[in-house]
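Commentary on secondary and tertiary structure
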Amino acid sequence: MFEVLVLVERKCECCGAALSDDDVMKIILEDGSCEVFPFSKCPECFKKELSKKAHR
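The shown structure was predicted, so the numbers you read here are calculated from the model rather than taken from an experiment.

The full count for this structure, using the stated rule, is 5 salt bridges. A single salt-bridge network, built from bridges that share partners, covers Glu 13, Lys 41, Glu 49 and Lys 53.

It is worth spelling out the pairing of strand 3 (residues 24-28) at this point. Side-chain positions along a regular strand alternate between the two faces of the sheet. Where strand 3 lies against strand 4 (residues 34-38), 5 bridges are found, and the strand directions are antiparallel. If you follow Ile 27 over to strand 4, its bridge partner there is Glu 35. Hairpin connection, strand 3 to strand 4: the antiparallel pair is bridged by 5 residues, and Gly 32 has positive phi, about 90°.

Basis of the calculations
- Residues numbered from 1 in each chain as written.
- Predicted model: local features only at pLDDT ≥ 70, side-chain atom pairs only at ≥ 80, totals over all residues.
- Heavy atoms only, no water.
- Salt bridge = Lys/Arg side-chain N within 4 Å of Asp/Glu carboxyl O.
- Pairing = 2+ DSSP bridges.
- Helix = DSSP H or I, 4+ residues; strand = E, 2+ residues; numbered from the N terminus.

Written out as structure tokens, the structure reads:
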């Protein structure tokens, strides 16, 4: 049986920039498996948000 993958173009929720497959957070679990969480913001907006939080 084949699984069909539907590619959806993801965009940054702040500026609308296109997000790639590399814009994800990968977490390696103790058993060696990997969980992948897609970011909702581009790297630039993510950095700006972290910078604002650090200055509070």
